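# Reading the structure
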Amino acid sequence: MGKKHDDKVLAQNKKASHDYFIEETYECGMVLSGTEIKSLRRGKANISDSFATIRNGEAFIHNMHISPFEEGNRFNPTDPTRARKLLLHKQQIHKLLGESKRDGYTLVPLKVYIKNGYAKLLIGLGRGKKLYDKRDTEAKRDAARDIQRALRERQKVAR
């Protein structure tokens, strides 16, 4: 019983930081069925098109694709993109519900990972970026890259 899978990122939503300003993050468990955890451990998950909602006081993730486990049995779920329940404290759900009702805010899945043997999902409260915000972020990143490049060149010349 080794702990080789601890804190291993299995799926990541790289578009999230490009499309949203992430203001808060929450770690939540997921209700999985059958052999979904085995597929997750193999990295057969995709959360790039997924989103989270709160319905009837419960949080769900939609469009999260977990490929069926090939060596599975009859307990394999048939729908790989079914809605999966998220495990959060009631106070967190109420806070997220109030925050996500504000204009322009949404619940964005950021990454799926294993922690202490359990599959966890990191969701973020995101505010959508406008096109000029995306350009501004990209310009800042390019400027930082140019500064680093210039510093490296200066160090090479100094030697």
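Residues numbered from 1 in each chain as written. Predicted model: local features only at pLDDT ≥ 70, side-chain atom pairs only at ≥ 80, totals over all residues. Heavy atoms only, no water.

## A closer look at the pattern of salt bridges
Per the stated rule, a full pass over the model turns up 11 salt bridges. In this structure, Lys134 and Asp19 form a salt bridge, with 3.3 Å as the shortest nitrogen-oxygen distance. In this pair, Lys134 sits in helix α4 (residues 131-158) while Asp19 sits in helix α1 (residues 16-19), placing the two residues 115 residues apart along the sequence. Classification of Lys134 as partly exposed rests on a relative accessible area of 22%. Judged by relative accessible area, which is 23%, Asp19 ranks as partly exposed. With its nearest N and O atoms 3.0 Å apart, the salt bridge here joins Asp146 to Arg149. With a gap of 3 residues between them, Asp146 and Arg149 both fall in helix α4, about one helical turn apart. (Salt bridge = Lys/Arg side-chain N within 4 Å of Asp/Glu carboxyl O. Helix = DSSP H or I, 4+ residues; strand = E, 2+ residues; numbered from the N terminus. Buried < 20%, exposed > 50% of the residue type's maximum accessible area, 1.4 Å probe, protein only.)

## Let's talk about unusual backbone geometry
Not every positive phi belongs to a glycine, and Asn56 is a case in point at roughly 55°. Assignment of secondary structure puts Asn56 in the loop between β4 (51-55) and β5 (58-62). Of note in the backbone geometry, Asn63 takes a positive phi value of approximately 65° without being a glycine. As for its position among the elements, Asn63 is in the loop between β5 and β6 (65-66).

## Concerning the nonpolar core
Among the nonpolar cores identified, the biggest contains 26 residues, and Leu40 and Leu86 are the most heavily contacted of them. Leave out the neighbours within four places in its chain, and Leu40 touches Leu10, Met30, Leu32, Ala45, Met64, Ile66, Val112 and Ala119. In terms of nonpolar packing, the next biggest core, distinct from the first, is built from 5 residues, Val108, Leu110, Tyr113 and Leu122 among them. (Core = buried A, V, L, I, M, F, W, Y, C linked by side-chain atoms within 4.5 Å. Contact = heavy atoms within 4.5 Å.)

## Comments concerning the environment of Gly126
Note that Gly126 resides in strand β9 (residues 118-128). Residue class for Gly126 comes out buried when judged on its relative accessible area of 0%. Residues Gly126 and Glu99, spaced 27 residues apart in sequence, show a C-alpha to C-alpha distance of 9.8 Å. Residues in contact with Gly126, not counting those within four places in the same chain, are Tyr20, Phe21, Ile22, Gly104, Tyr105, Thr106 and Val108.

## Section: the side chain of Asn13
Assignment of secondary structure puts Asn13 in the loop between β1 (8-12) and α1. Among the polar contacts made by the side chain of Asn13, one reaches the main-chain carbonyl oxygen of Pro109 at a distance of 3.1 Å. Beyond its immediate stretch of four places on either side in the chain, Asn13 contacts Ile47, Ser48, Val108, Pro109 and Leu110. (Polar contact = N/O pair within 3.5 Å; in protein donor to acceptor, adjacent residues only side chain to side chain.)

## Describing empty space enclosed by the protein
Here the structure, examined in full by the defined rule, presents 2 cavities of 30 Å³ or more. Reported here for the second largest cavity is a volume of approximately 30 Å³. Forming the boundary of the second largest cavity are Ser39, Arg42, Lys44, Ser67, Pro68, Phe69 and Glu70. Partitioned by chemical class, the residues of the lining of the second largest cavity number 2 nonpolar, 2 polar and 3 charged. (1 Å grid on protein atoms, 1.4 Å probe; cavity = no way out; pocket = protein on both sides within 12 Å on 5 of 7 lines; lining within 4 Å. Points joined across faces, edges and corners; volume = space filled by probe spheres on them. Nonpolar A, V, L, I, M, F, W, Y, C, P; charged D, E, K, R; others polar.)

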